[in-house]
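The lines below spell out each chain.
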Amino acid sequence: MPRHLPLADIGIADAAYHLPGSPIDVVEWGPQQGAAPDLISLLLANDCRYFFDDPNVSDADSIAASIDKLSVDDPDWRSGVRYLVHAHTQNFSMPAPPSSILAELAGRYGLNLKLCFSVAHLACASLINGISLAAQLLQNDPEARYALIVSSDRTFGGSAYRLRPPGCIQSDGSSAILLSKEKMRCRLGHATMRNFAQLCEGPSNPDTIAATARLTCFHSIQLLRDHCEETGIPLDGYGQILPVNADKHYWLKIAEGLRLNESDFFFDNFPKLGHANCADFAINLVDRGFALLDQGKLVLAFGQSNVGAHAALTLVPN
Amino acid sequence: MQNPHLQNRRDIGPVAIYALATHLPASRPHKSLLGTVVRSAYNHLYQPAGNYSRPSIVRRGVTSIASPVYEVPTAGDQERTADLASIAVGKLLASNPQAKQAVSAVFHNQCTLDQQISGSGCLRIQHDHFDQAELAMMIGQLGTAGIPTVFRLASLSFKSGRMACISASDKWISPFVRSVPGVLTYGDASAACLAGNVEAGSDPLAVIEGIATRCTPPPGDLWSTSAAVQRHYLLDHVRNVIEDLLSQHPDVRRDELLLIGDGYGADFAAELSASLGMASVPNFHSDIHLSSASPLFALSKAISLAAEQDRTQRSVIWTVSQSGHAAAMLLRACAGAVQENGAWLARSMSTS
């Protein structure tokens, strides 16, 4: 029986994502980019294959494509958004400072905001940190109806940056998630965030790359155990765990460490879509999570990073 | 489903400041409108995807745009935004290292990009100073006007007897634009403070009694819109947010308040002051914008004035950014602040 779900009066009205263009096959693209055949074989062996890339779409346009896909049972929902929260993993993926993607979106959609902000420097754990803050703001504001969470990530650089051996191909992509107090597809439950700050330099040199490879699984396992403890929900009590769509070898180790089965995780999108960073939350929720929630099952979404930040969010059937 | 576990629902209350430190690197001359040229930084911005992340006036391969010489505080070529922030936090803790243990959350704010693009500024601060912190985040995309929003967000996580470390830092590197003639010139700077609930029996340096924020998209491209149009927009925007703040506090008398804000020049401050009927005090540099740390420098100024006069001083700290964000904070700076090792400390934190 869950014992502490402090966010459960806030839910998700809808979520959407946008991946630009058509899927690109690393088997064809890799050799054109000069990627070594061994690298491509390694990625294929780790369940990576297709990804998305379009350098000619701005972050704001990409986010707008996601927002426009939201299907909300309230035609005036945009006028009820009081909080706009952005999150991103790829640090370059934003307009030139001091420009603000928030102001750009507020202008484009005519939003009447009480507060807006972006969460960053926690890589793919940024999004769940942002959802947690947005949910708390909604809880503290009796008049506000909606908070809109958006993300956009574009990978800069050629194959050296897009292909992250052994188990990750980065995709460009965006997402939009509408938090609501009513007419929700699921409820939020509880978010657990943990930062293991010794990895704060990210994958910037061989030492930090090795440390990240050595420690990330243990940190994820610790976070999942903490989340279990805080919610009172055992990990086998979830319909499925939605990982970020990268590094399957980590997830298999995490499954082993927590005595879970491979089928307890949703891996279908790894080869089909690649890792669209912060958008993976909405991608896996739309492609799998909502169906499980509709069946009355709990879902656990996970945000992992290469800077030591980890986050988990329990989603509860409505 | 009614959740039986909800607890501690409350409005966001006043924010107490218990310690504050600022850091300005040495001034250096520049003859380009763009930021410092750091050879190894930002190469990715010149790839096709960078077209949406470079200023519109900077074509591929351009690293400088000629300008008459000007001097502003400038970080060393290899000094990162994370270094600048960590220095300010270090100054904050130099005299009261025991305060580290009371910090449960780290909120860092910047609008520029660290030149070590894979790293995390907020986690660097956690790693250097607050290993036990439960939460760390970088809050961005608010131009240089993010600090008041960060106070609002930090107050969501305040716990009795615990504090949040709030920091800001920016370093302007080419191809980002350091100087927009007729509008503003950015200096590299950092600052940090320890903030928490107003606790019974505590003696904070200052209390933020109210915060107003506004997002009004700018009138056009930040680098090609005329200086006159931008200046008019900035003045209007910040005046509106200050009026929002004052309307939330009808008991406050304008003639008791000092205005302290960003370095847009003495004329800008005078015009704002005249239109609001309030006296104005210059920030550390009246004509250099100290970037995201600017509102914390203004806080420091208000605290130093209260200390000099040995009496409580109320002020409005304002900040407005080209980006579309503006904010104002109603501040009560308390008498009796102590300055040690370059940091302002509440008497309860002082070792002397």
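All of these numbers come straight from a predicted model, not from anything done at the bench. (Residues numbered from 1 in each chain as written. Chains lettered and ligands numbered in written order. Predicted model: local features only at pLDDT ≥ 70, side-chain atom pairs only at ≥ 80, totals over all residues.)

## Quick look at helix 4 (residues 101–109) of chain A
Inference 1: For helix 4 of chain A, the full list of buried residues reads I101, L102, A103, E104, L105 and A106 of chain A.
Inference 2: In this fold, the buried residues of helix 4 of chain A make contact with helix 3 (59–67), strand 4 (81–87), strand 5 (115–120) and strand 6 (146–153) of chain A together with strand 10 (206–215) and strand 14 (325–333) of chain B.
Inference 3: Once helix 4 of chain A ends, the next one or two residues include G110 of chain A, with phi positive near 60 degrees. (Buried ≥ 20, exposed ≤ 12 C-beta atoms within 10 Å, placed from the backbone. Helix = DSSP H or I, 4+ residues; strand = E, 2+ residues; numbered from the N terminus. Contact = placed C-beta atoms within 7 Å.)

## Re the interface of chain A and chain B
Inference 1: Every contact between the two is made by 54 residues of chain A and, on the other side, 58 residues of chain B.
Inference 2: The set of elements that each furnish at least two residues to the side of chain A that touches chain B consists of helix 4, strand 5, helix 5 (126–139) and strand 10 (186–195) of chain A.
Inference 3: When its residues are assigned to classes, the side of chain A that touches chain B shows 29 nonpolar, 19 polar and six charged.
Inference 4: Both strand 5 of chain A and strand 5 (residues 135–140) of chain B contribute to a ladder of three bridges, which runs antiparallel. Each residue of the ladder has a partner; that of S118 of chain A, found in strand 5 of chain B, is G140 of chain B. (Nonpolar A, V, L, I, M, F, W, Y, C, P; charged D, E, K, R; others polar. Pairing = 2+ DSSP bridges.)

## Digging into the environment of D226 of chain A
Residue and element names in this part refer to chain A.
Inference 1: Structurally, D226 can be placed in helix 7 (residues 206–231).
Inference 2: In this structure the C-alpha to C-alpha distance between D226 and T192, which are 34 residues apart in sequence, comes to 7.6 Å.
Inference 3: For D226, the residues in contact, after removing those within four places along its chain, are T192 and R194.

## Regarding the domain arrangement of chain A
Residue and element names in this part refer to chain A.
Inference 1: Structurally, chain A comprises domain 1 (11–180) and domain 2 (186–317).
Inference 2: Between the C-alpha centres of domain 1 and domain 2 there is a distance of 17 Å.
Inference 3: Contact residues are listed per partner, giving 41 residues for domain 1 and 37 residues for domain 2.
Inference 4: Within the residue set of the side of domain 1 that touches domain 2, elements represented by two or more residues are strand 1 (11–18), strand 3 (50–51), helix 5, strand 6, strand 8 (168–169) and strand 9 (173–180).
Inference 5: Considering each element in turn, the side of domain 1 that touches domain 2 owes the most residues, seven residues, to helix 5.
Inference 6: Broken down by class, the residue content of the side of domain 1 that touches domain 2 amounts to 22 nonpolar, 15 polar and four charged. (Domains from an automatic or database assignment.)

## Some points on the environment of R162 of chain B
Residues and elements named next belong to chain B.
Inference 1: Along the chain, the position of R162 falls in the loop between helix 3 (147–155) and strand 6 (163–170).
Inference 2: Judged by the 16 C-beta atoms lying within 10 Å of it, R162 falls in the partly exposed class.
Inference 3: The sequence separation of R162 and G196 amounts to 34 residues, and the corresponding C-alpha distance is 6.7 Å.
Inference 4: Each residue touching R162, except ones within four places of it in the same chain, is listed here: A102, S104 and G196.

## Side note on the packing of helix 4 (residues 227–248) of chain B against helix 5 (residues 266–276) of chain B
The relative placement of two packed helices comes down to the angle between their axes together with the axis-to-axis distance.
Residues and elements named next belong to chain B.
Inference 1: The geometry of helix 4 relative to helix 5 is characterised by a closest axis approach of 11 Å and an angle of 40 degrees between their N-to-C directions. Classified by the angle their axes make, helix 4 and helix 5 are oblique. For helix 4 against helix 5, the interelement crossing comes out right-handed. Facing R231, L235, V238, R239 and I242 of helix 4, the residues of helix 5 in contact are F268, E271, L272, S275 and L276.
Inference 2: Residue composition of the contact of helix 4 with helix 5, by class: six nonpolar, one polar and three charged. (Axes fitted to C-alpha atoms, helices over the stretch in contact; angles between N-to-C directions. Parallel < 35°, antiparallel > 145°, perpendicular 65-115°, else oblique. Left-handed = near helix turned anticlockwise from the far one by under 90°.)

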